[in-house]
Amino acid sequence: MTAIDWVMMTVAGMGSLAGLALLYSCWKRPGQPALLAGGWGLLTVSVLLAFFANGDRGIAQASVIVMAGATAVFCIPLLRGVAPPVATERTRQRVGTPKEGHPIRKGLSSIWTFLVTGPLAGVIALLASAALFKLIRPTDGNPATAGVIAIIAAILIWAMASVLLLIEPRTGRRSAYAGLALAVTAAIAFI
């Protein structure tokens, strides 16, 4: 790696940490779309910078920087004997959660949430990884590397889809997002 590559890697790592800080701030104080867009934008730019600096190894190196920084942020208060930053209360109550509704409705809502964020997110992940496999599969030779990448991607996509669906507090929108993601990934996987 050249000096420019090291500079890009450092900027990618710091940009990723700043993006995570913005996303955490947005989680702590909801209702700020600029912070949300800024956080995801910084993460996207950081991944691209890391890729240009050292290819797939650059993305892995930037991920290690992010994991080390996030670990430090959450471990330092614990080591000082202070409650971790997650323990603080959010400033706005969640919207769309059943308050003191009927127990049957609350139970059905919980079951539906499990189905959407569990099996349905898993199907979305499998379809997305099948599309990824079709994209990266070599035309000649052994497709084992592409298969392994698709399997690992399926797990990561499942985790990401589940979290993104759980972030949405309204059941109707959560279902609509899951249905849209299912339709898009199915179309891409079977085309």
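Residues numbered from 1 in each chain as written. Predicted model: local features only at pLDDT ≥ 70, side-chain atom pairs only at ≥ 80, totals over all residues. Heavy atoms only, no water.

### Some words on the overall build of the chain
A count of helical and extended segments in the chain gives 5 helices and 0 strands. Listing every helix and strand of the chain by position from the N terminus yields α-α-α-α-α. Sorting the 191 residues of the chain into buried and exposed places 27% on the buried side. Residue pairs at least 24 apart in sequence account for 65% of intrachain contacts in the chain once pairs closer than 6 positions are excluded. When the accessible surface of the chain is totalled, it reaches about 12,400 Å², and 74% of it is carbon and sulfur. (Helix = DSSP H or I, 4+ residues; strand = E, 2+ residues; numbered from the N terminus. Buried < 20%, exposed > 50% of the residue type's maximum accessible area, 1.4 Å probe, protein only. Contact = heavy atoms within 4.5 Å. Areas by Shrake-Rupley, 256 points an atom, 1.4 Å probe, with all protein chains shown as cover.)

### Notes on the confidence of the model for the chain
Of all residues in the chain, 87% have pLDDT values of 70 or greater, and the mean over the chain is 81. Least confident of the elements in the chain is helix α2 (residues 33-80), whose mean pLDDT is 82; most confident is helix α5 (residues 171-190), at 88. (pLDDT = per-residue confidence, 0-100.)

### Some words on the nonpolar core
Membership of the largest hydrophobic core is limited to 6 residues, which are M8, M9, A12, A50, A53 and A62. Elements with a minimum of two residues in this core: α1 (3-28) and α2. Discounting residues that sit within four places of it in the chain, A50 has contacts with M9, A12, G55, G58, I59 and A62. Ranked by size, the runner-up nonpolar core spans 5 residues in total, among them V116, A121, L165 and A178. (Core = buried A, V, L, I, M, F, W, Y, C linked by side-chain atoms within 4.5 Å.)

### Focus on the layout of surface pockets
Of the pockets and cavities examined, the second largest pocket occupies roughly 200 Å³. Looking at the second largest pocket, the residues that line it are I124, A128, I157, M160, A161, L164, L165, Y177, A181 and T185. Counting residues per element, the ones that place at least two in the lining of the second largest pocket are α3 (103-136), α4 (144-167) and α5. When residues in the lining of the second largest pocket are grouped by element, the largest group, 5 residues, is from α4. Looking at the lining of the second largest pocket, its residues break down into 9 nonpolar, 1 polar and no charged. (1 Å grid on protein atoms, 1.4 Å probe; cavity = no way out; pocket = protein on both sides within 12 Å on 5 of 7 lines; lining within 4 Å. Points joined across faces, edges and corners; volume = space filled by probe spheres on them. Nonpolar A, V, L, I, M, F, W, Y, C, P; charged D, E, K, R; others polar.)

### Thoughts on the packing of α3 against α4
Two numbers describe how α3 lies on α4: the axes approach to 7 Å, and their chain directions differ by 145 degrees. As for the relative orientation of α3 and α4, their crossing is right-handed in sense. In terms of residue class, the contact of α3 with α4 is made up of 18 nonpolar, 7 polar and no charged. (Axes fitted to C-alpha atoms, helices over the stretch in contact; angles between N-to-C directions. Left-handed = near helix turned anticlockwise from the far one by under 90°.)

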